[in-house]
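This is what each chain is made of:
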Amino acid sequence: ESPGDYSDLGLAAQWPSPFTCPTLVVDNTTSCPPVAEYGFSLGHGADGPHDSQSDGASRTSRESTPDAAATLSSPTSLEAQPAAQHPETISSAASQQPHHTQPAIEEEKKSPWTRSTICRRVGRDEFCAFAHQSFGSGQGISLITTPARILILGSQPPLDEVLPPLSPEQVIPETASSPYQDVFVPGKGIGLVASEPIRAGRRIMLATPAVMVDDRAFTGLRKEDLAILLAQAVVNLPKTHRARFLNLSGSVDDEGSQLDSIHKIFTTNAFKTTIKTVETNLAGVAVPAGEIDFHSTFTEVSRLNHDCSPNLGYYFDSDTLSHKVYAVRDVFPGEELTISYVDVIQPRSVRQDRLRSTWSFSCTCPRCSAEPHVVAESDDRVGQMLQLRRELDDYSIAATPEKAELLLTLYELEGLAVRIYEAYYRVALEWNGVGESARAMKYARLCLDKGLTLRGPDRPFVDSMRELVANPTTHWSWRFRLKEKGKESNGSS
Ligand SMILES: C[S@@+](CC[C@H](N)C(=O)[O-])C[C@H]1O[C@@H](n2cnc3c(N)ncnc32)[C@H](O)[C@@H]1O
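The structure contained in this document is the topic of the report that follows. Remember, predicted model here, so these are calculated numbers, not experimental data.

Of regular secondary structure, the chain possesses 15 helices and 13 strands. Taking all 493 residues of the chain together, the buried fraction comes to 54%. The contacts of the chain with a sequence gap of at least 6 include a subset with a gap of at least 24, amounting to 71%.

What follows is the structure, encoded as structure tokens:
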């Protein structure tokens, strides 16, 4: 991984439009109760979604770079499923159960998890809606996945937490002391606006999901089947969290299309998220076992509108199952808080196409709506950035610290604080590559400073930069440009 292969926003709406399932065959044989029986009516909001994509750049890097938004869904990543690593073999009795089995995941050992009475199949996999009502201090969470996977996930932190459920009267408080407010933003629906000064680097949200859908269900289930499971997942949430989900943007106005609405709300607001699984080794120590991809809605984070030079960055922390959102620059009171839904290091037309096709809006941010000659200059800079990244990531050809510094300047000119750690990473490598250890350490520290809040600690580039700071001369990049060019000499800086 490198700070260079960005993914769009983690929002899951990159789902190929209209839906993954090409045939919209209505299965009248379903035994689902009519929607009315779910016992709620929908709230609604505006429209809108988020997604992700890889920049697709090929590299000859000896080490992948860190250019990526942590959680964005991308068609590419959807294909690269690590699912096979997951021992469906763990499947106990739970995974063998027929459809329409009893609620409550095997009445065993006071599990906090309940299971929907209706499940749906994709090939040999059976997907059901599981709920943990007391999770997240009573916010609750619903997962659509297989019984085998819930056994794995429900037995590891944080989903194994067992707390007494809240009584129906208990209301989850709104996030205490948030530095922002929900505001109607003309042309964008609801957005979040800073209500006080926010310093760069401040964490402004820490949110656990309302509904998580296994990527295999998300991509494999027919729309109708997914909608039915989503409706169950939403109904199973505690009242307050359910209401917040149903109030998100995307619901369909049509009378009688509640399932469509739930489906649209989910696809409009879901982020790509990955949960790392652990298993206990023979010594009794928890060790990494694999990863499971989900698409997840977070009722608060999903209020953030898009900007091509966003003032917030975020990543999904698998250990705490929470979305962490940080200010990437100082924000003034009254400024709208924004994230990016797409890879912002692309020409305007590509960004706009993506936003229009996936979330049905035209971006009016300064990078998109400036005078044509200003947009053209911005596009030129983007082209230069992509070219420089290709050169710098090819460790077999000549590149220089000056090129990396130019890349950094271009990130700054484009207002891409949200991705600046990627440039710091390359500058650090290039200075180390010519034996300039002091400058290399300076940029490695900057990369860590920004990269940790924007991508989280669990990234190869973070380890790499830490190694470089600890000892530049033992880092793989030490004088590598000189070696490649046959210029290695005895001297070093
Ligand atoms: C995840 S929601 C964001 C919150 C949403 N505005 C709401 O009212 O809940 C995504 C939707 O918001 C709207 N949106 C987000 N960013 C926008 C922007 N820059 N310009 C116009 N509409 C935007 C679009 O309708 C998009 O489908």
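This is not the end of the story, as more comes after the structure.
This paragraph deals with the state of the cysteines. Scanning all chains against the criterion turns up one disulfide. Unpaired in terms of disulfides, Cys-308 finds its nearest cysteine sulfur in Cys-368, a separation of 3.7 Å. Residue classification places Cys-368 among the buried residues on the basis of a relative accessible area of 2%.

The subject of this paragraph is the packing of helix α10 (residues 372-393) against helix α11 (residues 401-413). Two elements in contact, α10 and α11, have axes separated by 10 Å at closest approach and are oriented at 145 degrees. For α10 against α11, the interelement crossing comes out left-handed. Where α10 approaches α11, its residues Arg-381, Gln-384, Met-385, Leu-388, Arg-389, Glu-391 and Leu-392 are matched on the opposing element by Lys-403, Ala-404, Leu-406, Leu-407, Leu-410, Tyr-411 and Leu-413. The class makeup of the residues in the contact of α10 with α11 is nine nonpolar, one polar and four charged.

Okay, the pattern of salt bridges next. Inspection of the entire model under this criterion finds 22 salt bridges. Taking the shortest distance from any N to any O, the salt bridge between Arg-389 and Glu-422 comes out at 3.6 Å. Placement of Arg-389 in helix α10 and of Glu-422 in helix α12 (residues 420-433) is noted, with a sequence separation of 33 residues between them. Residue class for Glu-422 comes out buried when judged on its relative accessible area of 0%. Between Glu-391 and Lys-403 there is a salt bridge, and its shortest N-O distance comes to 2.4 Å. Here Glu-391, found in helix α10, pairs with Lys-403, found in helix α11; they are 12 residues apart in sequence, far enough to count as distant. Assessed through its relative accessible area of 16%, Glu-391 is described here as buried. Owing to a relative accessible area of 29%, Lys-403 belongs among the partly exposed residues under this scheme. Taken together, the shared-partner salt bridges in this structure form one network comprising Asp-343, Arg-389, Arg-419 and Glu-422.

Reading guide: rules and limits
Residues numbered from 1 in each chain as written. Predicted model: local features only at pLDDT ≥ 70, side-chain atom pairs only at ≥ 80, totals over all residues. Heavy atoms only, no water. Helix = DSSP H or I, 4+ residues; strand = E, 2+ residues; numbered from the N terminus. Buried < 20%, exposed > 50% of the residue type's maximum accessible area, 1.4 Å probe, protein only. Contact = heavy atoms within 4.5 Å. Disulfide = S-S within 2.5 Å. Axes fitted to C-alpha atoms, helices over the stretch in contact; angles between N-to-C directions. Left-handed = near helix turned anticlockwise from the far one by under 90°. Nonpolar A, V, L, I, M, F, W, Y, C, P; charged D, E, K, R; others polar. Salt bridge = Lys/Arg side-chain N within 4 Å of Asp/Glu carboxyl O.

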